[in-house]
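These are the residues of each chain, in order.
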Amino acid sequence: MQVAVYSSSSYCSALTPHLFMASNSKPKTKLITRGCGPSSSYKKKKKKKVLCQIELKPPPYPTNALEPYISRESLEYHWSRHHRGHVHSLNKQIAGTDLDDMPLEDIILTSYNKGHFLPSFNHAAQVWNHDFFWQSMKPGGGGRPSGQLLQLIERDFGSLERMLMELKAAASTQFGSGWAWLVYKANKLDVGNAVNPLPSEKDNKLVVAKTPNAVNPLVWDYSPLLAIDVWEHRRVDYVSTFLEKLVSWEAVSSRLEMAMQRAAKRAREEEKKRMEEDDMIIGDKKAMEVYLNSDEDSETE
Amino acid sequence: MPLEDIILTSYNKGHFLPSFNHAAQVWNHDFFWQSMKPGGGGRPSGQLLQLIERDFGSLERMLMELKAAASTQFGSGWAWLVYKANKLDVGNAVNPLPSEKDNKLVVAKTPNAVNPLVWDYSPLLAIDVWEHAYYLDYEHRRVDYVSTFLEKLVSWEAVSSRLEMAMQRAAKRAREEEKKRMEEDDMIIGDKKAMEVYLNSDEDSETE
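Residues numbered from 1 in each chain as written. Chains lettered and ligands numbered in written order. Predicted model: local features only at pLDDT ≥ 70, side-chain atom pairs only at ≥ 80, totals over all residues. Heavy atoms only, no water.

J.: How should I be thinking about the packing of helix α3 (residues 46-56) of chain B against helix α4 (residues 59-72) of chain B in this particular structure?
T.: When two helices pack together, you describe them by how their axes are tilted relative to each other and by the distance separating the axes. All names here are of chain B. The contact between α3 and α4 brings their axes to 8 Å, and the two run at 75°. By the criterion of interaxial angle, the relationship of α3 to α4 is roughly perpendicular. Counting all contacts with α3, which are made through L49, I52, E53 and F56, the residues of α4 involved are L59, R61, M62 and E65. For the contact of α3 with α4, a count of residues per class yields five nonpolar, no polar and three charged. (Axes fitted to C-alpha atoms, helices over the stretch in contact; angles between N-to-C directions. Helix = DSSP H or I, 4+ residues; strand = E, 2+ residues; numbered from the N terminus. Parallel < 35°, antiparallel > 145°, perpendicular 65-115°, else oblique. Contact = heavy atoms within 4.5 Å. Nonpolar A, V, L, I, M, F, W, Y, C, P; charged D, E, K, R; others polar.)

Quick look at the structure:
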């Protein structure tokens, strides 16, 4: 099978895409070769090189692979119109700006701007959300999670059934357009210098969340594990089908593993930082004691 | 309560009570169906056209703004042509010289179920840009749907008659506010006279 991955600009000039993906092979990436520099002199002087452009990633399976639950037509439509549209719009928006050189997640976090979205937020987040969504599904998906993922689901929700109920409820009650998520969140206070005095993996939790429009849990510093697109173009009825027949629990498990490693690493870094600060304070105290002692010494001399 | 009151109450300054979304969507859809008619389109006329030209420069410019609002409302929502009275958004503020000229036609866009009633505007025309409104016929091509709406479906008669009602309502309110202000002025004057009487009685007692 032919493998093709599209960079945004070469894709945009293509007509109807031919999306033949070998399900097991890693797609090769054809990167665009135009620079983002605004001035013509830049183009003349510099060798044209790949810069900054966010690429349109295809789903990791052939476009008919999710049938009969999601038709090839529907998937191709969704990918080639909505997802591609966001990639195209984003690249236009960020060209020549500070965001140009950033990885996609950084563009999202920067342009989230504490809720006062900069213009590139919606497109950046929707690109990420759609990438994540395609990867949340697989042909022959569904079934049950297992291993550590299942353990944490049972720990934090009581049972798999309860978690699925909450996820379906979130997906059905997100008014307007948006997304439903399973996320892993580290237990942190939302204050700059707050430190968890006794960090424990047990404080980290799986939760269900829902977000409007393009917002995603990255902006809250959560680790998303699973996304369900509930914009109307996805048809709300399909949520059950998604969970029964499409969801890739392997993808969710592997994201959980990465999220837990990331959280543990951060906890260690924060602990280390705290100990260093404590050492500095102790150091200062010792200096003070020395100073006081020197007074005594001078008396006895 | 009448539907509009349910909307205004449950809007709750943006902290929606549970009934807001459904109430507003009922109202929005009623309004939307009535914004269209078979064989619609064409051009507005009469006072509506006059105000459009006064406030936008031309019909084409107004339509451009309306299309832009409809296309750029991210996610689900609505685009509107509205009539707004010129009022300060402060409880006791009074427009010292109210004039019809201060009232304006504007284009607005709102997310999800929100509509301009919550800002005390008078909606004249609504375009539903939730995906369910156009997806089956136009797929992702919202822009095409909006153009078709404006060229073939919009009922300018409905818009004109809403404008007339809106202008009457605004004029009536302006008269009521003016009357209230005059009554308050009278009371103040009345107080002042009472004070003068009081002072005068001092003089009187002196001359007695």
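J.: Hey, could you run me through the side chain of B:D128 in this one?
T.: Residues and elements named next belong to chain B. Among the structural elements, D128 can be located in strand β3 (residues 122-128). R142 is the oppositely charged side chain nearest to the buried, salt-bridge-free D128, at an N-O distance of 8.3 Å. One polar contact links D128 to H132, side chain to side chain, over a distance of 3.4 Å. With sequence-adjacent residues up to four places away left out, D128 is seen in contact with H29, F32, G77, W78, A133 and Y145. (Buried < 20%, exposed > 50% of the residue type's maximum accessible area, 1.4 Å probe, protein only. Lys, Arg positive; Asp, Glu negative; His and termini not counted. Salt bridge = Lys/Arg side-chain N within 4 Å of Asp/Glu carboxyl O. Polar contact = N/O pair within 3.5 Å; in protein donor to acceptor, adjacent residues only side chain to side chain.)

J.: I'm lost on the sheet that holds strand β1 (residues 77-84) of chain B in this one. Help?
T.: Where strands meet in a sheet, backbone hydrogen bonds hold them as pairs that are either parallel or antiparallel. All names here are of chain B. On the basis of which strands lie adjacent, the open sheet formed by three strands has the order β2-β1-β3 and antiparallel pairing. Both edges of this open sheet fall to β2 (104-111) and β3, since each of them pairs with a single strand only. Taking each pair of neighbouring strands and ignoring which way they run, the sheet shows an average axis angle of 20°. Across six bridges, the pairing between β1 and β3 is antiparallel. Following the sheet pairing, L81 is matched in β3 by L125. (Pairing = 2+ DSSP bridges.)

J.: What is the right way to look at the interface of chain A and chain B in this model?
T.: Where interface size is quoted, it is often the accessible area lost as the parts come together. On the chain B side, the residues contacting the 14 residues of chain A number 14 residues. On the chain A side of the contact with chain B, A:Y77, A:F175 and A:E232 bury the most area, a combined 49% of that side's loss. The interface formed by chain A and chain B holds zero salt bridges in total. Along the contact surface separating chain A from chain B lie six residue pairs in polar contact (both at pLDDT 80 or more). Considering each element in turn, the side of chain A that touches chain B owes the most residues, four residues, to helix α3 (residues 72-94) of chain A. Counted by class, the side of chain A that touches chain B contains four nonpolar, eight polar and two charged residues. (Buried area = accessible area lost by both parts, 1.4 Å probe.)

J.: Sorry, what's going on with the sheet that holds strand β1 (residues 178-185) of chain A here?
T.: Residue and element names in this part refer to chain A. Strand order in this open sheet of three strands is β2-β1-β3, and the pairing throughout is antiparallel. What marks the edges here is a single partner per strand, and that holds for β2 (205-212) and β3 (223-229). Sheet twist, expressed as the average angle between the axes of neighbouring strands with direction ignored, equals 20°. Here six bridges tie β1 to β3, and the two strands are oriented antiparallel to one another. When the bridges of β3 are listed, W181 appears paired with A227. Sitting on the sheet, helix α7 (residues 160-173) is in contact with β1, β2 and β3, with an inclination near 15° to β2.

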